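Spelled out, the chains give:
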Amino acid sequence: MDFWPEFLASSWGKEFVAGGFGGVAGIVSGYPLDTVRVRQQNSTQKGSAFTILRHVAATEGPLSLYRGMAAPLASVTFQNAMVFQIYAVLSRAFDRNVPASDPPSYKGVALGGFGTGAIQSLMLTPVELVKIRLQLQRRSIPDNNNQITSYRGPTDVARSIFKQEGWKGIYRGLTITVLRDAPAHGLYFWTYEYVREKLHPGCRKNGQESFRTMLIAGGLAGVASWISCYPVDVIKTRLQAQSQSTPSRYSGIVDCFRRSVKQEGYSVLWRGLGTAVARAFVVNGAIFTAYETALRFFFSNNNNNNNHANIETENTF
């Protein structure tokens, strides 16, 4: 019964829960655009985001834009909380010359973000695999008996993949996810810290930036990281869309890149970028705003409780 009060009383607990709030805010705010992005990337036909959005809503219903959201939503609290925790540790570890009272250096921020992206890929790969399979479920998926396989939800997808392909199938796309997330997260955290400091000088040390600064810095960080890794993300989506119950189009990362470019031109590597950039600004603005706001609330509430306890202590003497 005393676990949560003690957990939230620690700095680690506050940052963990705040990261969870940020993750939930990001998923809910940007999921429909994420569905559109995935369909653009995996399609061999060209079409604007608005055309795809209108077609999906008309033929499959508006709720289909949220298909597969349960998988990332169920894991995002833990995943996002761990990302911020890992980043906080690594950004200090890579540059020990900076005093603990000062914010991490930009070098530490970039290297910490790089390491965080690589580590979080272990958690993210299975989640994104399940999400992508559900987002693309509008396509008929014939199994070995030439019947149509319709997934009922994230658990059904995961069970089906594990039954047919084992752990190798669950972690399909791990290498390409690491190649995407490690450099992208380095740029992501560096951009956020740099922009927030430029918009509100001194805020990295005093933590007093405005909501406007949080939204803009978080949004631009998301945009920068997605632009830097987008071609890799297109390849990742196409590889993870494959399964043993469908004819494999690609044998690996290099083969997927070569065949995609040969058949559809280099523009295929940027297909859906506009959707991803719009989503990235909304999602990452929401993530950092929710994260920083939650941290302020927890630390402010803790300070108020401490002051109240001190007053009561003084009144007893």
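The model shown is predicted, which means the values in this text are computed figures rather than measured ones.

Colleague: Explain the overall build of the protein to me, and be specific about the residues and the numbers.
Modeller: Counting its secondary structure elements, the protein contains 11 helices and 0 strands. Here the contacts in the protein between residues at least 6 apart in sequence split such that 76% fall between residues at least 24 apart. Carbon together with sulfur atoms contributes 62% to the accessible area of the protein, which is approximately 15,900 Å² in total.

Colleague: Go over the environment of Val 24, please, and point to the residues and values.
Modeller: With respect to the helices and strands, Val 24 occurs in helix H2 (residues 11-42). Residues Val 24 and Val 283, spaced 259 residues apart in sequence, show a C-alpha to C-alpha distance of 9.8 Å. If we ignore the near neighbours within four places in the chain, the residues touching Val 24 are Leu 73, Val 76 and Thr 77.

Colleague: Describe the nonpolar core, and please don't skip the residues or the numbers.
Modeller: Of all hydrophobic cores here, the largest spans 19 residues; its most connected members are Phe 84, Tyr 188, Phe 189 and Phe 288. For this core, the secondary structure elements donating two or more residues are H2, helix H4 (70-93), helix H7 (174-199), helix H9 (211-240) and helix H11 (273-315). With 7 residues, the single largest contributor to this core is H11. Setting aside residues no more than four positions away along its own chain, Phe 84 makes contact with Gly 19, Phe 189, Ile 287, Phe 288 and Tyr 291.

Colleague: Outline the pattern of salt bridges, listing residues and values.
Modeller: Inspection of every chain in the model, using the stated rule, returns 19 salt bridges. In this structure, Lys 131 engages Asp 34 in a salt bridge whose closest nitrogen and oxygen atoms are separated by 2.8 Å. Here the residue Lys 131 occupies a position in helix H5 (residues 106-135), and Asp 34 occupies one in helix H2, the gap between them amounting to 97 residues. A single burial state applies to Lys 131 and to Asp 34, both of which are buried. In this structure, Asp 233 engages Arg 180 in a salt bridge whose closest nitrogen and oxygen atoms are separated by 2.6 Å.

Colleague: Just give me the short version of the packing of aromatic side chains, but keep the residues and values in it.
Modeller: Centre distance and the angle of the planes are the two values used to describe a pair of aromatic rings. Counted by the stated rule, this structure contains 14 aromatic pairs. Ring geometry for Phe 189 against Phe 288: centres 6.5 Å apart, planes inclined by 90 degrees, an arrangement best described as edge-to-face. You can see Phe 189 sitting in helix H7 and its partner Phe 288 sitting in helix H11, a full 99 residues away along the chain. The aromatic ring of Tyr 106 is capped on one face by Arg 204, whose charged end is 4.8 Å from the ring centroid.

About the thresholds
Residues numbered from 1 in each chain as written. Predicted model: local features only at pLDDT ≥ 70, side-chain atom pairs only at ≥ 80, totals over all residues. Heavy atoms only, no water. Helix = DSSP H or I, 4+ residues; strand = E, 2+ residues; numbered from the N terminus. Contact = heavy atoms within 4.5 Å. Areas by Shrake-Rupley, 256 points an atom, 1.4 Å probe, with all protein chains shown as cover. Core = buried A, V, L, I, M, F, W, Y, C linked by side-chain atoms within 4.5 Å. Buried < 20%, exposed > 50% of the residue type's maximum accessible area, 1.4 Å probe, protein only. Salt bridge = Lys/Arg side-chain N within 4 Å of Asp/Glu carboxyl O. Phe/Tyr/Trp six-rings, centres within 6.5 Å; stacked < 30°, edge-to-face > 60°. Lys NZ or Arg CZ within 6 Å of the ring centre and 35° of its normal.

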